[in-house]
Amino acid sequence: MKTVPIQRRISKCGCAHTAKILVLAILLLSGPAFGADPLISSNPAAAVFVTGAYVTWQTTTAANSRVDYGTTTAYGSNVTDSASVTRHDLVITGLSAGTTYHCKVTSGSAVSSDFTFTTLSSPTGTVKNVKSSGGDYTSLDACMDAASPGWTCLTYNGATTGSITPGVSGSSGSYITAMAYDNVTITGFNASGRSYVALKGFKSTGNITSTGGTTSYITIDNNFFNGAGVRPTDSVFSNHWTISNNIIYNTGVGVYVTGDNVLIDNNNISKVTTDCMYDGALTYSVIRNNVCHDYGPEGNGQHVDFFQTDGGQTVGSFGYNLFEGNTAQRCVDGTGNCHFIINRDPYNTPTNMIIRYNFVQDLDGSGCLFGTNENILSNRLNSNTFAIESKAEDGVFSSYYANYTKSLNNLAYNTCGTSQNCFDTGTGIVNNYNVQRDSASASATWGSDYQSESTYATLKNLDPSFTNYPYQKTIASNSALIDKGGNLTTVTSGCGTSSLVLADVRWFQPGWAGTDPDTLAIGETVEGATIAQIARISYSDTASTSSGNVTFDSAVSCTNGNKVWLYKKSDGVKVIYGSAPDIGAWEYGAASMHGTGGSNQVGPLVPVGIRIVQ
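By convention here, each chain's residues receive numbers from 1 onward along its written sequence. Local features in this predicted model are restricted to residues whose pLDDT is 70 or higher, and side-chain atom pairs enter the listing and the counts only when it is 80 or higher, whereas totals over whole chains, interfaces and linings include all residues. Computation of side-chain values: all heavy atoms of the structure, hydrogens and water removed.

Asker: What is the right way to look at the pairing of strand 29 (residues 291–295) in this model?
Answerer: Looking along a regular strand, one sees the side chains alternate between the two faces of the sheet. Strand 29 sits mainly inside the fold: four of its five residues count as buried. When DSSP finds two or more bridges between two strands, those strands count as paired. For helices the rule is a DSSP run of H or I covering at least 4 residues; for strands it is a run of E covering at least 2, with both sets numbered from the N terminus onward. Summarising the sheet, strand 26 (residues 268–272) and strand 29 pair through three bridges and their orientation is parallel. For Ser270, the partnering residue across the bridge sits in strand 29 and is His293. As paired elements, strand 29 and strand 32 (residues 327–331) share four bridges and run parallel to each other. Of the residues in strand 32, the one forming a bridge with Val291 is Thr327. Buried residues are those whose accessible area, probed at 1.4 Å on protein chains only, stays under 20% of the maximum for their type, while exposed residues exceed 50% and partly exposed ones sit between those limits.

Spelled out as structure tokens, the structure:
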């Protein structure tokens, strides 16, 4: 037996034989085509504890589960489950604290790329061991009741857990932390009235709640919620919460929170039946790098959105929030009611949602729905990819009352029918540098609204050349979207000082929820631009006014009238390479652009080096 390259075999064959080989090669290169073999349809995610990790992924068809892991890409260890399932959940135990592990998952013939996770570090300070015997406490609840600021209740399997209600608060710089040493299950956690408390590394079958009293500085990190979510609800303020690196599966609403300076970051959410995230009201908050996938019960008619705020809250209001680097993928409810963002907040103040670098694919609905009878004003959409597939009439965003919204550098791919426009119009609405593309109709002529964009003639129907669509949002080196985007705004005055007046400051954020302030590139060209990080922004309270002062830590060298681009986003990731931004959610040349919902971003590999055996 020998192997012969495809190209060589074709040159030696007759026509009929050649056709057969071509068909076989196409099937191999395109992956499983008949439903017999699975594809890994969602990014594997990991939530970690001190000595292990919960690993989860989704496949297109039922198959077995295997995780290979080790401190190098040689792996060396594995855990398996022979059950044939589409939802895969495995637990790795016996690992070292604070250590980075390489990992890959396998289901049937499908193998993921390598990804990494890092176990929780062993706690320092005052550590109280919670064990069934031989520890400081036998009950986690008792430890949290007795705790002083700076304590860590390090909990071992077999200790008494149940639903946890901390009896005391920590203090600034000295959290009271409940931390899982190994595979430990709790049945809920109530943070009512507490501050500076953290929950890390547990499996929970009950919700995170807050049933009374303002809470602040609560951290919910690296937990695996099965049949539960993080839901302090909208009846009390939950300020300065950090909800990060969690896996949330099989519940109603994944995250439901109201408050100021809330960070919802890098969570993996799936099989929700209401919304991935819902809030009564948020201000100065950041929702970034989350993945919500395979959600929405088919045919029940329920709105099932990546994020919804629907008014009627009992406390607070909604405004000045960042949605960045999120993935919403595969939502079906059968009635066209899966959306990326719905904002129906009844307050008539500028909403100022910044929506950028998000990837939205295969929704039974549309993109962003801004208001039905409410004024949802002054939103900014930049560098998103909407590949909704349902070709909904609302497209990328539907304005209703969303006046003064602007959209630049966005890609609408298989999102609107050829007679439709994906980018709505209205009072003060500006759209430009956007691309509409239908993969089945590459020469389509689009609706009159899109035709009014000054860049329409040069940008319509550009081919994104995805590397592995729909499983990955990355674009190839031959993508027509590279360097085709435009600057976001310009400098009006102030060059040579530390305070610039920009024509539009609503594209940027100064470090909401403890994230990095945006870093800007300012100049006539990207290559020669001055790079400066924002310290403060003065936004106007008037929705129609977009200009304002941006303050930096030192004087900025520029010329009045210079162009302004986003250079680094809120997680410090550089988002512009070459002479201009790329259009859509991925900047070619960036090693990483998005969070992964708990792990490094991976997808099914494109086969390379395929050979025919004779």
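Asker: Help me understand the state of the cysteines in this model?
Answerer: Joining two cysteines, a disulfide is a covalent bond between their sulfur atoms. Count a disulfide wherever a pair of cysteine sulfur atoms falls within 2.5 Å. One pass over the structure, following the stated rule, counts five disulfides. With a sulfur-sulfur separation of 2.0 Å, Cys331 is cross-linked through a disulfide to Cys338. Since a negative S-S torsion denotes a left-handed disulfide, the Cys331-Cys338 link at about -60° is left-handed. Using a relative accessible area of 0% as the deciding quantity, one classes Cys331 as buried. Its relative accessible area of 0% is what places Cys338 among the buried residues. Between the sulfur atoms of Cys495 and its disulfide partner Cys558 the distance amounts to 2.1 Å. On the S-S bond that ties Cys495 to Cys558, the torsion sits near -105°, and the link is left-handed. With Cys495 in the loop between strand 44 (489–493) and strand 45 (499–502) and Cys558 in the loop between strand 48 (548–552) and strand 49 (563–568), this pair connects stretches of sequence that are 63 residues apart. Disulfides within the chain link the bonded cysteines, taken in sequence order, as 1-2, 3-4, 5-6, 7-8, 9-10.

Asker: Would you explain the sheet that holds strand 26 in this entry?
Answerer: Sheet strands associate in pairs through backbone hydrogen bonding, adopting either a parallel or an antiparallel arrangement. Pairing within the open sheet is parallel, and its 11 strands lie in the order 12-15-18-22-26-29-32-35-38-41-43. The outermost strands of the open sheet, each flanked by one partner alone, are strand 12 (185–186) and strand 43 (435–437). Sheet topology places strand 22 (residues 247–251) next to strand 26; four bridges connect them, and they run parallel. What sits directly across from Ile247, in strand 26, is Asn268.

Asker: Got a minute to help me understand the packing of aromatic side chains in this structure?
Answerer: Any aromatic ring pair is given by two values, namely how distant the centres are and how the planes are angled relative to each other. Each aromatic pair joins two rings of Phe, Tyr and Trp (for Trp, the six-membered one) with centres within 6.5 Å, and gets the label stacked for planes under 30 degrees apart, edge-to-face for over 60, and tilted for any other angle. For the structure shown, the criterion picks out 23 aromatic pairs. Centre to centre, the rings of Tyr101 and Phe117 are 5.9 Å apart; their planes meet at 25°, and the pair counts as stacked. One end of the pair, Tyr101, is in strand 5 (residues 100–107); the other, Phe117, is in strand 7 (residues 115–118), and 16 residues separate them in sequence. Each member of the pair, Tyr101 together with Phe117, is buried. With a centroid separation of 5.2 Å and 75° between ring planes, the pair formed by Tyr413 and Phe466 is classed as edge-to-face. Of this pair, Tyr413 sits in strand 41 (residues 411–413) while Phe466 sits in the loop between helix 5 (456–459) and strand 44, and the two are 53 residues apart along the sequence. Accessibility classification places Tyr413 together with Phe466 in one group, the buried group.

Asker: Help me out: how do you make sense of the sheet that holds strand 45 in this one?
Answerer: If you trace the six strands once around the closed barrel, you get 44-45-48-47-46-49, paired in antiparallel fashion. Across this sheet, the average inter-strand angle for adjacent strands is 50°, counted without regard to direction. Angles run from 0 to 180 degrees between N-to-C directions of axes, and those axes are lines fitted to C-alpha atoms, restricted for helices to the stretch in contact.

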